[in-house]
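Understanding the architecture of this molecule
For reference, the chains in residue letters:
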Amino acid sequence: MQKAGFSLAFIAFVSVFLVATTDKLTENKIAENKAIMLLRALNQVSPEGSYDNDLINSKIILKSKDSGFSRDTTVYLASKNKQPSIAIFEVTTLEGYSGAIKILVGIRADNNAISGVRVVQHKETPGLGDKMDIRKSDWVTSFIGKSLGNPDLINWKVEKDGGEFKQFTGATITPRAIVNAVRSTLLYAQDNMKSLFNRDLNEAQN
Amino acid sequence: MSSTVEDIDVIVDSKIEGGSCSVDDCKKIITDGLWHNNPGLIQLLGLCPLLAVTGNVINGLGLGIATIITLTVSNIVISFTRNWIRKEIRIPYYVLVIASIVTIIDLSMNAITPELHSILGIFIPLIVTNCVIIGRAEAFASKNKISRAALDGFMMGLGFALVLVALGAMREVVGSGTLFSEASVMFGPIAENWNLQLFDNYKGFLLAILPPGAFIGMGLLIAFKNVVDKKIKS
């Protein structure tokens, strides 16, 4: 029996060694791939040529207790010729049907209008709630150009709640979660857009 | 304790050990995996991932491919080491091997084929909970030569994948009236036009897409197989 224990310990050691080695070998490549994926997603919510800075590395993390977001939120600050151009919020909403939904909301710095919205991570019901995924329907593109005045704040809801945004057949909870998350992001951006970019510049100078 | 039962098992199975992979023998492994001992329909193993992801054909195919790879590799490893592993520790050994293989496949795919990983990635952790893998390790790979174990792993995986695709197709057709929707997510732009809209103005049948639909569909598939088997017999 003791022998069996030793051999099991040996096998465990070998397994851990193999997994750890694979992890070490693939670590850099995976981080690289992740950065490429992130950049691709960020480019989807910011029109081509709208920025010329190193977008992935100019980010600010907003703590949830200071910002009012339900989770810590990362903001990527795009600028062109050192002028603020778009702030991209990586917002997490917990109002979805199953689990957290992570979305990117791009907001233009000049007029606080939306440059694009993309859902980057979700676990919504396949075939129902997942129509907010750009690969499955173009619903999220309906946000482009919208801002707090267009439509008015009171209409920044899904149709079922008396607002202006279409829900999709069979699912109300998911679109409601996204519309609400985009609305609160716009509200945050309205008050904080300037200070976000100023903070970025200050940090860059230091 | 149960050692007597195990001893009998070993004696019975040692007969298989001697056999090489003849044509008849290979044929049996293949038909067992695909039909007579299908992991989805007969062994009823791995139901958790099976029922969870088969909302449409493409998801079923995704989990199917991931299962084939893992099952083949784990069968090979278990078979290769079968003579060195004492039977008291074989179960924890299988768990260790399978968990390591799944993690290594997951990491390697993430590094080498990030595109494929972004699609199959969500299915790979599900495989750890799939008892088909440990079932085949115990019932077959630990008692057979590498070539046979590899064939068995591949065929069992394929049989499982076929059930996943069939169930996915049933639920997709009934639930949303389409087939191969989202195929482009897996196959790229070539598959852009694969989506078949089977009925015009189909309102969808929610039950088929939700978990109860999975159980009902599974029951119908098993019933269908039993009917076919009966027909063949008579």
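The paragraphs below set out a description of the structure included in this document. (Residues numbered from 1 in each chain as written. Chains lettered and ligands numbered in written order. Predicted model: local features only at pLDDT ≥ 70, side-chain atom pairs only at ≥ 80, totals over all residues. Heavy atoms only, no water.)

A short note on the overall build of chain A
The helix and strand inventory of chain A stands at three helices and five strands. Shown N-terminal to C-terminal, the secondary structure of chain A runs as helices and strands in the order α-β-α-β-β-β-β-α. By the compact-globule yardstick of 17 Å for 206 residues, chain A is too spread out, its C-alpha radius of gyration being 21 Å. Each of the 206 residues in chain A was classed as buried or not, and the buried ones make up 44%. For chain A, the share of sequence-separated contacts (at least 6 apart) that also reach a separation of at least 24 residues comes to 47%. Accessible surface computed for chain A: about 11,200 Å², of which carbon and sulfur atoms make up 53%. Here chain A carries 26 positive and 22 negative side-chain charges, and the mean point of each set is 4 Å from the other. (Helix = DSSP H or I, 4+ residues; strand = E, 2+ residues; numbered from the N terminus. Rg over C-alpha atoms; globule rule 2.2 N^0.38 Å. Buried < 20%, exposed > 50% of the residue type's maximum accessible area, 1.4 Å probe, protein only. Contact = heavy atoms within 4.5 Å. Areas by Shrake-Rupley, 256 points an atom, 1.4 Å probe, with all protein chains shown as cover. Lys, Arg positive; Asp, Glu negative; His and termini not counted. Charge placed at Lys NZ, Arg CZ, Asp CG, Glu CD.)

A word on the interface of chain A and chain B
With 24 residues of chain A at the contact, the number on the chain B side is 23 residues. For the pair chain A and chain B, the two sides together bury roughly 2,100 Å², of which 74% comes from carbon and sulfur. Across the chain A-chain B interface, the total number found is two residue pairs in polar contact (both at pLDDT 80 or more). Looking at the side of chain A that touches chain B, its residues break down into 11 nonpolar, six polar and seven charged. (Buried area = accessible area lost by both parts, 1.4 Å probe. Polar contact = N/O pair within 3.5 Å; in protein donor to acceptor, adjacent residues only side chain to side chain. Nonpolar A, V, L, I, M, F, W, Y, C, P; charged D, E, K, R; others polar.)

A few points about the environment of Ile 65 of chain B
Within the secondary structure, Ile 65 of chain B sits in helix H4 (residues 57-80). Ile 65 of chain B sits in the partly exposed class, given a relative accessible area of 33%.

What to know about the pairing of strand E2 (residues 73-80) of chain A
Residues and elements named next belong to chain A. For E2, the buried fraction is high: seven of the eight residues fall into the buried class. Across seven bridges, E2 lies against strand E3 (residues 83-93) in antiparallel orientation. Opposite Val 75, over in E3, you have Phe 89 as the bridge partner. (Pairing = 2+ DSSP bridges.)

Some words on helix H12 (residues 211-233) of chain B
Taking 1.5 Å per residue, 23 residues should reach 33 Å; H12 of chain B reaches 34 Å between its end C-alpha atoms and fits that length. Of the surrounding elements, those touching the buried residues of H12 of chain B are helix H2 (23-36), helix H3 (47-53), helix H9 (146-176) and helix H11 (206-209) of chain B. (Expected span 1.5 Å × (residues − 1).)

As for the packing of aromatic side chains
Here the structure, examined in full by the defined rule, presents nine aromatic pairs over all chains. Taking the centre distance of 6.1 Å and the plane angle of 85° together, the rings of Phe 89 of chain A and Tyr 188 of chain A count as edge-to-face. In this pair, Phe 89 of chain A is assigned in strand E3 and Tyr 188 of chain A in helix H3 (residues 173-205), connecting sequence segments 99 residues apart. Taking relative accessible area as the criterion, Phe 89 of chain A reaches 0% and is therefore assigned buried. We classify Tyr 188 of chain A as buried; its relative accessible area is 13%. Relative to Trp 84 of chain B, the ring of Phe 80 of chain B lies with its centre 5.7 Å away and its plane at 85°, an arrangement referred to as edge-to-face. What makes Trp 84 of chain B exposed here is its relative accessible area of 60%. Here a set of aromatic residues connected by ring pairs shows up, and it is made of Trp 139, Phe 143, Trp 156 and Phe 165 of chain A. (Phe/Tyr/Trp six-rings, centres within 6.5 Å; stacked < 30°, edge-to-face > 60°.)

Re a nonpolar patch on the surface
Taken together, the side chains of Val 174, Phe 180, Phe 187, Trp 194, Leu 196, Leu 198, Phe 199, Tyr 202, Phe 205, Leu 207, Ile 216 and Leu 220 of chain B make up a nonpolar region of the molecular surface, amounting to roughly 1,000 Å² of accessible area. Counting through the fold element by element, Tyr 202 of chain B comes out in the loop between strand E2 (196-197) and H11. (Patch = residues over 30% accessible without salt bridge, like charges linked within 9 Å, V, L, I, M, F, W, Y side chains within 5 Å. Salt bridge = Lys/Arg side-chain N within 4 Å of Asp/Glu carboxyl O.)

Observations regarding the sheet that holds strand E4 (residues 101-108) of chain A
Residues and elements named next belong to chain A. One open sheet accounts for five strands, arranged E1-E2-E3-E4-E5; its pairing is antiparallel. Each of the sheet's edge strands pairs with one partner strand only, and the pair in question is strand E1 (59-62) and strand E5 (114-121). Strand-to-strand twist in this sheet, taken as the mean axis angle between neighbours without regard to direction, amounts to 20°. The pairing of E3 with E4 spans eight bridges and is antiparallel. Bridging from a neighbouring strand, Glu 90 pairs with Leu 104 of E4. (Axes fitted to C-alpha atoms, helices over the stretch in contact; angles between N-to-C directions.)

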